[in-house]
Amino acid sequence: MLITIDDAVTRLAGGDVVALPSETVYGLAGLALNEQAIAKIYALKGRPATNPLIVHVAHLQQAEELCYVNSQAKRVGEAYWPGPITLVLPKKKSVPGLVTAGNQTVAIRIPRHPVFLEVLTRLNQPLAAPSANPSNRTSPTEARHVEELFGKKCPPTVDGGKCAVGLESTVLDLSGDQPTILRPGLITRAQIQDCLQRQVGLFQDPSPDPPAKVGQTGRNQGAPSPGMGSVHYAPRTPLALYPTVEEFLISAKFKPGDLVIVADGKDATQLDAKGYLTTPLSTDGCPEEVAQNLYGVLIELDAKNAPSMHLIFTGAREGINRAIWDRLYRAETK
Ligand code: AMP
Ligand code: MG
């Protein structure tokens, strides 16, 4: 059911959960300081209690009521908030352990989407909001995807159009001595290093390093940050990944009825000429465009119940493409 912003504010204030658009993906929001609302989020998503939630605030002052905002956090916040980066910081007492999965740190973000910001401002209370999808499924980037993913259990949703970023936020841990990226996103390691004028670590990377090779093992299977296991963001249809068109063609895994996704629309030409029916994620491989379209295409093609999906992504594993590879490796059928 689609609802208005007014309705969303009323429901949230009453302790209910609603789906809201953000610039990253749609979020399943509830009052961050209300344990019943938090419990509803976990239950609806089927999310393990060990996977903490991101708390969204309207401004820095509100963040300071929830956590210790150190000088590095202020720098990154000034540069990128409101925007698609989440900071992990030492929490204050006001934040319930249920939100942080018992951690002494809390993940905080000021979102940029005008609808989300308006709801936060009118409520004048922080909102916890993980992605609005059942746990481990692909995150929704349009209001109709929320319904597609939840079916009859779909939460009331505010339609704020297609998400501009299309990938979950960069998660940057600034709670210890060494700034560390826990989840890559649109805001890259290079940008953060520039901002902080120091080296930034990149924790846990599910993809093999160096170059991505299909079927190669040896990925980091550890879960250094809760909720970042090697399977996540997954469609139901088996998904195979290819770093080049040639590897797709020689793999011989394609069967009639399978679907083919190409990140770079230019690669579609040679495949269409061979009779494959391809869906492009961008016209020329532009990473921002691939990121914005990736989840929507996966959700929409998943609904076609094809035997398998094949995705060709030739992007180098750096910058924004690193975040895309990170999601693709978790979505790939192991
Ligand atoms: P999601 O809400 O699905 O976008 O996922 C949020 C991610 O942020 C989780 O997968 C966590 O790994 C990470 N996160 C949230 N809170 C913390 C925290 N206190 N410490 C470390 N990572 C966190
Ligand atoms: Mg999620």
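Residues numbered from 1 in each chain as written. Chains lettered and ligands numbered in written order. Predicted model: local features only at pLDDT ≥ 70, side-chain atom pairs only at ≥ 80, totals over all residues. Heavy atoms only, no water.

Caption draft 1: Main features of the overall build of the protein chain. Assigned secondary structure in the protein chain consists of 12 helices and 13 strands. In terms of C-alpha radius of gyration, the protein chain reaches 20 Å, essentially the compact-globule figure of 20 Å for 334 residues. If you line up the protein chain on its principal axes, its C-alpha atoms span 60 × 45 × 30 Å. Expressed as a percentage of the 334 residues in the protein chain, the buried residues total 57%. Long-range contacts, defined here as pairs at least 24 residues apart, represent 65% of the contacts in the protein chain between residues at least 6 apart. Here the protein chain displays about 13,700 Å² of accessible surface, and carbon together with sulfur accounts for 52% of that area. In the protein chain, 33 side chains carry a positive charge and 33 a negative one; their mean positions are 5 Å apart. (Helix = DSSP H or I, 4+ residues; strand = E, 2+ residues; numbered from the N terminus. Rg over C-alpha atoms; globule rule 2.2 N^0.38 Å. Buried < 20%, exposed > 50% of the residue type's maximum accessible area, 1.4 Å probe, protein only. Contact = heavy atoms within 4.5 Å. Areas by Shrake-Rupley, 256 points an atom, 1.4 Å probe, with all protein chains shown as cover. Lys, Arg positive; Asp, Glu negative; His and termini not counted. Charge placed at Lys NZ, Arg CZ, Asp CG, Glu CD.)

Caption draft 2: Here's a closer look at helix α4 (residues 71-80). Among the residues making up α4, those that are buried are Gln72, Ala73, Val76, Gly77 and Tyr80. Down the axis of α4, the smallest arc covering the buried residues is 130 degrees, so these residues share one side. Exposed side chains of α4 directed beyond 90 degrees from the buried face belong to Ser71 and Glu78. Summarising the contacts, the buried residues of α4 are in contact with β4 (85-90), β7 (170-173) and α8 (189-196). (Arc of directions from axis to C-beta.)

Caption draft 3: The arrangement of helix α6 (residues 114-123) in detail. Along α6, the residues that are buried comprise Val115, Phe116, Val119, Leu120 and Leu123. Looking straight down α6, one finds its buried side chains confined to an arc of 135 degrees; they lie on one side. Of the exposed residues in α6, the ones pointing more than 90 degrees away from its buried face are Pro114 and Thr121. The elements touched by buried residues of α6 are α1 (5-13), β1 (18-20), β2 (27-31), β3 (54-56) and β6 (127-128). Asn124 sits one or two positions beyond α6 and adopts a positive phi of about 55 degrees.

Caption draft 4: Geometry of unusual backbone geometry. Here Trp81 and Pro82 are connected by a cis peptide whose omega angle stands at -5 degrees. Along the chain, Pro82 turns up in the loop between α4 and β4. Phi angles above zero are rare outside glycine, and Asn136 is one such case at about 75 degrees. Along the chain, the position of Asn136 falls in the loop between β6 and α7 (143-150). Of the residues examined, Asn136 reaches a relative accessible area of 38% and is grouped as partly exposed. For Gln197, which is not glycine, the phi dihedral falls at a positive 55 degrees. With respect to the helices and strands, Gln197 occurs in the loop between α8 and β9 (201-202). The exposure class of Gln197 is exposed, given its relative accessible area of 60%.

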